[in-house]
Amino acid sequence: MAKGIIIREAHFPGKAPIEAYGNGGFRFADMSHRGSLLVLPSGIHGWEPADPLALNATDFDKLLAEAGKVEILLVGMGKELRPLPAALRAALKEAGISADPMSTGAAVRTYNVLLAEDRAVAAALIAVD
């Protein structure tokens, strides 16, 4: 008997530049993803923070598990720049990660440059319309 559709966690197992963003999603590696992304050394993951306006350390569990491979985290906060909550900034600093919040567009562009330079970079990108 055939099983129904199995929905798995969105994951691309590799590094790839972000080709486009907008309309609520992203394009990379000749694919598209609707929703936010967490871009790590282990790959590109679909990411849905509990509250995009109030990020917290649990939203970054996957990143913190790979902290030894990441020096810089670019946080695309959407269309507007917002500061990271103090508790999140402290958790990232304790893990040895420097976090830079910026608009999602700026984060995508900066990520692509740092990726091309083979830097130890990760990105948390909140989707924009």
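The rules behind these values
- Residues numbered from 1 in each chain as written.
- Predicted model: local features only at pLDDT ≥ 70, side-chain atom pairs only at ≥ 80, totals over all residues.
- Heavy atoms only, no water.
- Helix = DSSP H or I, 4+ residues; strand = E, 2+ residues; numbered from the N terminus.
- Expected span 1.5 Å × (residues − 1).
- Buried < 20%, exposed > 50% of the residue type's maximum accessible area, 1.4 Å probe, protein only.
- Contact = heavy atoms within 4.5 Å.
- Pairing = 2+ DSSP bridges.
- Axes fitted to C-alpha atoms, helices over the stretch in contact; angles between N-to-C directions.
- Salt bridge = Lys/Arg side-chain N within 4 Å of Asp/Glu carboxyl O.
- Phe/Tyr/Trp six-rings, centres within 6.5 Å; stacked < 30°, edge-to-face > 60°.

Caption draft 1: Layout of helix α3 (residues 104-116). Its 13 residues place the ends of α3 18 Å apart at the C-alpha level, agreeing with the 18 Å of an ideal helix rising 1.5 Å per residue. Along α3, the residues that are buried comprise Thr 104, Gly 105, Ala 107, Val 108, Tyr 111, Leu 114 and Leu 115. Buried positions along α3 lie against β2 (18-22), β3 (25-28), β5 (36-40), β7 (72-76), β8 (98-102) and β9 (121-125). The positive-phi residue at the C-terminal boundary of α3 is Asp 118, with phi of around 60 degrees.

Caption draft 2: Highlighting the sheet that holds β5. Taken in spatial order, the 6 strands make up an open sheet running β1-β6-β5-β9-β7-β8, and their pairing is mixed. Pairing within the sheet leaves two strands with one partner each, and these edge strands are β1 (11-12) and β8. Strands β5, β7, β8 and β9 of the sheet are contacted by α3, whose axis makes an angle of about 150 degrees with β7.

Caption draft 3: The pattern of salt bridges, seen in detail. Summed over all chains, the structure comprises 1 salt bridge. Note that Arg 119 and Glu 117 form a salt bridge whose closest N and O atoms lie 3.7 Å from each other. On the basis of relative accessibility, which here comes to 36%, the residue Arg 119 falls in the partly exposed class. According to the relative accessible area criterion, Glu 117 is partly exposed, its value standing at 47%.

Caption draft 4: Molecular detail of the sheet that holds β2. In spatial order, the strands read β2-β3-β4; together these 3 strands make up an open sheet with antiparallel pairing. For this open sheet the edge positions go to β2 and β4 (31-34), each flanked by a neighbour on one side alone. Adjacent strand axes in the sheet meet at a mean angle of 15 degrees, parallel and antiparallel pairs treated alike. On top of the sheet, α3 reaches β2 and β3; it is set at about 180 degrees to β2, its chief contact.

Caption draft 5: View of the packing of aromatic side chains. For the structure on display, the rule yields 2 aromatic pairs. Ring centres 5.4 Å apart and planes at 55 degrees place the aromatic pair Trp 47 and Phe 60 in the tilted group. Pair noted here: Trp 47 is in strand β6 (residues 43-47) and Phe 60 is in the loop between β6 and α1 (61-65), with a separation of 13 residues, a long-range link. Taking relative accessible area as the criterion, Trp 47 reaches 6% and is therefore assigned buried.

Caption draft 6: Region of interest: the pairing of β3. Bridging between β2 and β3 involves 4 bridges; their strand directions are antiparallel. If you follow Ala 20 over to β3, its bridge partner there is Arg 27. Hairpin connection of β2 to β3: 2 residues between the antiparallel strands, including Asn 23 at a positive phi of 55 degrees. With 4 bridges joining them, β3 and β4 adopt antiparallel strand pairing.

Caption draft 7: Fine view of the environment of Tyr 21. Mapped onto the secondary structure, Tyr 21 falls in strand β2. On the basis of relative accessible area, Tyr 21 is assigned to the partly exposed category, the value being 37%. Note: C-alpha distance between Tyr 21 and Leu 64 (43 residues apart in sequence) is 25 Å.

Treat this as a map of the structure, not an account of what it does.
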